[in-house]
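These are the residues of each chain, in order.
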Amino acid sequence: MNSEKAYQYIGKSENNVNAVAKATGRAKYCSDMQLSGMLYGKVKRSPYPHARIVSIDTTAAAHLPGVKVVIVGDEKTCPLRFGAGIADEYVLARDKVLYVGDPVAAVAAESEDIAQAAVDLIEVEYEELPTVFDGEEAFKRNPPAILHEDLKRYKTLRSVPPKFDENRPNVFNYFRIRRNDAEEGFKASDLVFENRFETAMIHHVQMESHCGVAMVDDTGRLLVWGTSSKPYGMHRDIAESRDLPLSTVRVIIPTHVGGSFGGRDPKAEQIAASLALAQKGYPKRPVKMKFTREEHLSTTTSRAHYIVDIKTGVKKDGTIVANKMRLLLVGGAYAGTGYLTARNAAFGPAANYRIENFNLDAYGVYTNQRMAGSYRGFGNAESLWGMESQMDIIAEALNMDPLELRLKNCIDEGDLNAFQETMHSVGAKECLHAAAEAIEWGKKTQGKQPHLKRGKGIALGNKYSIAPSASAAIIKVHPDGLVELRTSTVDLGQGSSTIFSQMIAEEFKIPVSKVRVLNPDTDITPFDLGTASSRSTFNMGNAIIKASTDAKRQLFELAAKELEANENDLETADSRVFVKGSPERSIPIKDLFIPMVIGGYTLKEGAEIIGKATYYLPGVMPDPETGASEKPAAFYMYVAQSAEVEVDTQTGKIRIIKIATANDCGKAINPMMVEGQQEGGVLSMGIGSTLLEEVITDNGVMLNPQFADYKIPTTLDCPDLMNYKSAIIETAHRDGPWGAKGVGEGTMVCTSPAIANAIYDAIGIRFHDIPITPEKVLTALKDKKSTTTRGADGLPFRP
Amino acid sequence: METLRVTINGEKIESLIDPGTTLQRFLHDTLGMTGTKEGCGSGLCGCCTVRVEGMAVKSCLILALQVRGKSVQTIEGLAFEETLDPVQKAFIENGAIQCGYCSAGMIMSSKALMEENPSPSEQEVRQALSGNLCRCTGYHKIVKAVLSVGEKQRQ
């Protein structure tokens with residue numbers, strides 16, 4: 001643990017190291033790639049939500065001039081299934097399709113137009129099968145449709161295995177927590193509340209669509225570029241689904257990727273790889289597979305429709321005695337990262353409050369929709385939507401201030417959470433106070449006209465970071481003093497390359513401009529679990545510190561001889577090594593290398609200055625019966641958010657008057673970037689998911705797969721600069737680099753309840769499902785009640 | 001194929017193109033000006049915004065042949081070597097760039113606004129950028145960056 005002292009680069013708002021390239025249009029993304037002889041891929045997709053593939057006729061497509069190769073889901077193209085935790089998905093569907101958009105065939109051709117024309121010529125005969133869209137129906141012991149008859153025979157991940165349900169054939173993961181007995185707790189409670197809350201299916205809407213480029217090189221090796229946030233996950237998926245040795249596949253992620261937010265399943269890359277491999281003879285030409293915006297919005301990973309049942313028992317003084325929840329992730333056709341989301345959605349409710357009796361059952365179920373997987377918050381925005389709405393219902397019944405109720409029960413340093421883990425680094429109270437203050441909590445304001453009703457709301461949330469976890473870093477010190485980091489963390493826009501540069505700058509006391517971060521490349525950059533779970537600053541940060549120490553040790557060993565000093569007495573700064581306390585006894589790093597005849601520099605031994613390290617965090621797997629674990633997660637980020645809204649009771653329109661967030665990130669390595677995460681989480685994804693966004697489907701067909709109909713917030717949907725406030729709370733973590741934890745995922749885990757609680761305060765109507773659209777508001781005002789009604793197809797309530 | 005003569009970033013260009021080619025595809029695929037991104041291909045996201053005769057235009061919505069004889073500026077033409085435009089500088093210094101996929105379009109729309117209205121109000125900035133989608137930033141630092149350019153010019 002570093003002692004408190006003035007840092008040169010840590011805690012400073014350095015400019016993003018990639019910003020100049022991006023501001024000048026020079027930054028190249030995967031979707032900008034053009035290679036000599038490149039072919040373009042297009043996908044034939046299923047029009048049915050569930051059907052048996054009877055036959056596929058590709059003859060006409062294959063004969064179209066300009067078509068190089070046509071592939072279908074067969075033993076040759078897709079020998080094995082793949083998936084994050086459950087291998088349930090083929091690259092192209094075999095035997096049956098499970099959702100509208102399931103890929104059944106693909107074409108690579110000279111141009112996108114030719115490829116599309118060929119796709120249109122492919123004839124597929126289907127035999128329709130019964131479907132299931134509704135989560136509760138799918139959950140049944142005798143569901144109307146079973147998606148994966150062979151589920152129990154699928155390969156699953158050993159380190160964090162999914163748990164199936166003997167009696168419920170569509171359940172792909174089940175997780176439970178049993179801290180004492182909630183039923184006993186209800187008996188001991190003065191009041192018990194029981195409610196259901198839901199969230200609509202939404203999409204990440206990364207600005208860069210999913211894209212893959214693949215080629216077979218002159219040695220027969222498969223190279224794949226992509227937009228994945230998990231290079232090593234994609235590497236495994238590509239190799240294992242084809243039964244290829246891992247080392248025969250090379251995955252490269254370009255320096256710039258246009259956003260992730262959890263939704264970068266590698267389907268485009270997988271199809272590109274199949275099209276590259278399927279070409280007969282040599283040369284095998286590179287293939288680019290970029291999903292159109294419509295394909296992106298309608299077929300790639302979404303955030304699930306979630307059903308959250310919550311029953312809470314409290315004492316009259318507001319003490320929460322018992323809490324029981326059932327979480328149902330309506331997971332779509334393939335589990336993807338959703339297998340883990342289904343489990344980990346439990347973590348937020350488990351760590352928000354001190355609750356002696358806490359029982360929870362969390363499930364993920366297959367349905368005939370596209371895959372629903374991880375999305376910023378990893379299920380916790382959904383589970384906390386339920387818990388934090390429930391808290392306000394309780395507060396009203398007890399005639400208590402909702403802020404007071406939260407402060408009274410919120411978890412603190414040293415408390416046990418529902419896993420019976422002793423909590424450390426908990427900024428919940430500070431966050432609550434900051435969020436309340438930011439909107440002048442307790443002070444009622446009035447709309448300008450009687451039909452404009454104003455109200456305020458607050459909510460508490462937290463986001464764990466995944467364990468087990470591992471990050472590896474390699475640090476090379478170049479003869480000219482530049483320090484290079486080899487990391488497989490993907491800079492998706494969140495700024496990891498800048499954060500890492502600052503860390504290395506601090507370790508080596510060199511300007512940020514003297515650090516270079518290489519892009520992920522499985523031939524060059526070492527293992528990282530993935531750019532997810534707000535884990536990079538903490539995990540890769542720790543690996544960077546260890547690898548820096550290793551590299552500096554090597555520098556000091558070399559310099560010790562030159563300076564006739566003990567290596568333990570040496571320091572480095574400004575690309576020199578010097579004796580602590582005697583900076584005049586120093587040597588430039590370049591002089592540690594020997595310039596050679598003809599050119600180049602060498603060391604007499606050891607080849608190069610290469611520091612390397614792994615930060616491995618094993619965690620403790622929760623007990624399968626009780627969920628008990630002393631270390632189920634790496635750390636927890638706390639957050640409180642507050643909102644003031646104005647509801648127009650004539651139009652149903654909700655205007656955000658003020659919105660605020662306070663996030664406990666441990667230590668802000670770069671405050672400007674922490675703010676950037678907060679702003680994006682609250683203003684774009686938080687407000688969007690609460691008021692605007694919803695994937696609308698009819699018999700499994702997405703009806704709004706364009707920006708004209710799938711609305712994400714624009715500049716005009718976000719409050720003015722002065723009406724948004726953010727606070728950074730720094731509750732140092734003992735294992736964090738410089739005390740840092742993370743930030744990104746915690747930024748929208750309680751935006752929805754904060755807004756909905758404000759709406760309730762304004763008009764006295766409790767909304768149980770999001771998004772809260774003007775139609776829902778008007779209907780509820782008319783009926784003076786809310787509704788959780790959903791149609792059989794998971795269709796949202798329509799007036 | 002048709003001949004297109006057009007001035008791009010001050011340079012006269014002559015090219016033989018398929019008449020169906022959009023301006024975005026021409027810039028991005030033919031000329032390799034990959035700063036002009038395709039975000040949706042239907043004029044709804046603004047990633048491909050360029051300036052035609054100074055006006056902000058979504059280049060995926062017009063054909064390359066429609067700019068015949070005109071002057072087009074792309075993001076690559078905004079900076080001169082390492083000397084950045086004040087709008088670009090403001091985006092960098094205010095942390096207005098995250099994933100960067102929308103940035104070129106966002107900057108070109110901002111530039112068009114600033115040329116027409118060098119000292120815009122916050123509402124004017126929000127209005128001018130309402131056709132450019134961004135998912136990372138919530139627009140907060142983007143609006144701040146554009147306003148800071150106006151403030152600097154007032155000083």
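Sequence order as written defines residue numbering, which begins from 1 separately in each chain. As they are written, the chains are lettered A onward and the ligands numbered 1 onward, keeping that order. Totals for whole chains, interfaces and linings use all residues, but because this is a predicted model, local features are given only for residues with pLDDT of at least 70 and pairs of side-chain atoms are given and counted only at 80 or more.

Some remarks on the overall build of chain B
For step 1, the next point in the chain: Starting at the N terminus, helices and strands are each numbered in turn, a helix being any DSSP run of H or I of at least four residues and a strand any DSSP run of E of at least two. Scanning chain B for helices and strands turns up 5 helices and 5 strands.
For step 2, the next point in the chain: The globule rule used for comparison is 2.2 Å times the number of residues to the exponent 0.38, while the radius of gyration itself is calculated over C-alpha atoms. Relative to the globule expectation of 15 Å for 155 residues, the C-alpha radius of gyration of chain B, 15 Å, shows essentially globular dimensions.
For step 3, the next point in the chain: In terms of its C-alpha atoms, chain B occupies a principal-axis envelope of roughly 50 × 30 × 25 Å.
For step 4, the next point in the chain: Note on burial: count the other C-beta atoms lying within 10 Å of the residue's C-beta; 20 or more is buried, 12 or fewer is exposed, in between is partly exposed, and C-beta positions come from the backbone. Within the span of chain B, comprising 155 residues, buried residues form 55% of the whole.
For step 5, the next point in the chain: A residue pair is marked as a contact if its C-beta atoms, positioned from the backbone, fall within 7 Å. Residue pairs in contact within chain B that sit at least 24 positions apart in sequence constitute 59% of those at least 6 positions apart.

Let's talk about the nonpolar core
For step 1, the next point in the chain: Each nonpolar core comprises buried Ala, Val, Leu, Ile, Met, Phe, Trp, Tyr and Cys residues, the members being joined through C-beta atoms within 7 Å. Counting 291 residues, the largest nonpolar core has Ala272(A), Leu275(A) and Ile759(A) as the members making the most contacts within it.
For step 2, the next point in the chain: Leaving out residues up to four positions away in the same chain, Leu275(A) has contacts with Gly41(A), Val69(A), Ile71(A), Ala106(A), Ala108(A), Ala214(A), Val287(A) and Met289(A).

Quick look at the sheet that holds strand E23 (residues 576-579) of chain A
All names here are of chain A.
For step 1, the next point in the chain: A pair of strands is labelled paired if DSSP reports no fewer than 2 bridges between them. One open sheet holds the 3 strands; their spatial order is E22-E23-E24, and the pairing between them is antiparallel. Among the strands making up the open sheet, the edge pair consists of strand E22 (570-573) and strand E24 (582-588). Going across the sheet, the axis of each strand differs from the next one's by a mean of 35°, ignoring polarity.
For step 2, the next point in the chain: Across 4 bridges, the pairing between E22 and E23 is antiparallel. Across the sheet, Glu571 pairs through a bridge with Phe578, a residue of E23. A fitted line through C-alpha atoms represents every axis, and for helices the fit uses only the stretch in contact; the resulting angles, taken between N-to-C directions, go from 0 to 180 degrees.

What about the pairing of strand E2 (residues 11-17) of chain B?
A regular strand carries its side chains on alternate faces of the sheet.
Residue and element names in this part refer to chain B.
For step 1, the next point in the chain: With respect to burial, E2 is a largely exposed element, only 0 of its 7 residues being buried.
For step 2, the next point in the chain: Direction of pairing for strand E1 (residues 2-8) relative to E2: antiparallel, over a ladder of 7 bridges. When the bridges of E2 are listed, Val6 appears paired with Ile13.
For step 3, the next point in the chain: The hairpin turn running from E1 into E2, its antiparallel successor, is 2 residues long, and Asn9 in that turn takes a positive phi close to 50°.

Describing the pairing of strand E18 (residues 452-466) of chain A
Residues and elements named next belong to chain A.
For step 1, the next point in the chain: Burial of E18 is extensive: 12 of the 15 residues sit out of reach of the surface.
For step 2, the next point in the chain: Relative to strand E28 (residues 633-648), E18 runs antiparallel, the two being bridged by 14 bridges. Bridging across to E28, Ala459 finds its partner in Gln641.

Brief notes about the sheet that holds strand E13 (residues 287-290) of chain A
All names here are of chain A.
For step 1, the next point in the chain: Taken in spatial order, the 7 strands line up as E3-E5-E1-E13-E10-E11-E12 in an open sheet, and their pairing is mixed. Pairing within the sheet leaves two strands with one partner each, and these edge strands are strand E3 (67-72) and strand E12 (249-252). Mean inter-strand twist for the sheet, computed between neighbouring axes without regard to direction, equals 20°.
For step 2, the next point in the chain: In this structure, strand E10 (residues 211-216) lies alongside strand E11 (residues 222-226), joined through 5 bridges in antiparallel fashion. Looking across to E11, one finds that Val216 is bridged to Leu222.
For step 3, the next point in the chain: Against the sheet, helix H3 (residues 112-121) engages strand E1 (39-45), E3 and strand E5 (103-109), with an angle of about 25° to E1.

Observations concerning the interface of chain B and chain A
For step 1, the next point in the chain: Of the residues lining the interface, 42 residues belong to chain B; the matching set on chain A comes to 47 residues.
For step 2, the next point in the chain: Looking at the side of chain B that touches chain A, the elements that each hand over two or more residues are helix H2 (86-93), helix H3 (103-116), helix H4 (122-128) and helix H5 (140-154) of chain B.
For step 3, the next point in the chain: Any residue outside Ala, Val, Leu, Ile, Met, Phe, Trp, Tyr, Cys, Pro, Asp, Glu, Lys and Arg is labelled polar, Gly included; the first ten of those are nonpolar and the last four are charged. Classifying every residue of the side of chain B that touches chain A by side-chain character gives 20 nonpolar, 15 polar and 7 charged.

Side note on the domain arrangement of chain A
Quite often, the size of an interface is put as the accessible area lost when its parts meet.
All names here are of chain A.
For step 1, the next point in the chain: Here chain A is described as being made up of domain 1 (19-27 + 469-617), domain 2 (33-131 + 205-299) and domain 3 (302-410 + 423-467 + 620-783).
For step 2, the next point in the chain: Taking the mean C-alpha position of each, domain 2 and domain 3 sit 35 Å from one another.
For step 3, the next point in the chain: Looking at the side of domain 2 that touches domain 3 residue by residue, the classes come out as 9 nonpolar, 9 polar and 6 charged. Marked domain ranges trace back to an automatic or database domain assignment.

Let's talk about the environment of Ala532(A)
Residues and elements named next belong to chain A.
For step 1, the next point in the chain: Of note, Ala532 is situated in the loop between strand E21 (515-517) and helix H15 (536-563).
For step 2, the next point in the chain: On the basis of neighbour counts, which here come to 27 C-beta atoms within 10 Å, the residue Ala532 falls in the buried class.
For step 3, the next point in the chain: Separated by 155 residues in the primary sequence, Ala532 and Gly377 have C-alpha atoms spaced 9.9 Å apart.
For step 4, the next point in the chain: For Ala532, the residues in contact, after removing those within four places along its chain, are Ser229, Lys230, Gly262 and Ser374.

A few points about helix H17 (residues 751-763) of chain A
All names here are of chain A.
For step 1, the next point in the chain: In this scheme, a helix's expected span is set at 1.5 Å multiplied by one less than its residue total. The end-to-end C-alpha distance of H17 is 19 Å, a good match for the 18 Å that 13 residues give at a rise of 1.5 Å each.
For step 2, the next point in the chain: The element H17 is largely enclosed, with a buried count of 13 among its 13 residues.
For step 3, the next point in the chain: Note on H17: the residue one or two positions beyond its end, Gly764, has a positive phi of about 70°.

Examining H3(B)
For step 1, the next point in the chain: In this model, H3(B) (14 residues) spans 20 Å end to end at C-alpha, consistent with the 20 Å of a helix rising 1.5 Å per residue.
For step 2, the next point in the chain: The buried fraction of H3(B) amounts to 12 of the 14 residues, a majority that puts the element mostly inside the structure.

As for the packing of helix H12 (residues 402-409) of chain A against helix H13 (residues 428-438) of chain A
Residues and elements named next belong to chain A.
For step 1, the next point in the chain: At a minimum axis distance of 10 Å, the contact between H12 and H13 shows a crossing angle of 165°. Judged by the angle between their axes, H12 and H13 are roughly antiparallel. In this structure, H12 meets H13 at a crossing whose hand is left-handed. Of the residues in H13, those touching H12 at Leu403, Arg406 and Leu407 are Lys429, Leu432 and Ala436. Roughly parallel means an angle under 35 degrees; roughly antiparallel means over 145; roughly perpendicular covers 65 to 115; every other angle is labelled oblique. For a crossing to be left-handed, the near helix must be turned anticlockwise from the far one by less than a right angle; the clockwise case is right-handed.

Considerations on the packing of H2(B) against H5(B)
Residue and element names in this part refer to chain B.
For step 1, the next point in the chain: At a minimum axis separation of 8 Å, H2 and H5 run at an interaxial angle of 130°. Between H2 and H5, the interaxial angle falls into the category oblique. Judged by the sense of rotation from one axis to the other, the crossing of H2 with H5 is right-handed. Residue-level inspection shows Pro86, Val87, Ala90 and Phe91 of H2 in contact with H5, the latter providing Ala145, Val146, Ser148, Val149 and Lys152.
For step 2, the next point in the chain: Taken together, the residues of the contact of H2 with H5 break down into 7 nonpolar, 1 polar and 1 charged.

Let's talk about the environment of Asp309(A)
For step 1, the next point in the chain: Tracing the chain through its elements places Asp309(A) in strand E15 (residues 305-314).
For step 2, the next point in the chain: With 77 residues separating them along the chain, Asp309(A) and Gly386(A) place their C-alpha atoms 7.4 Å apart.

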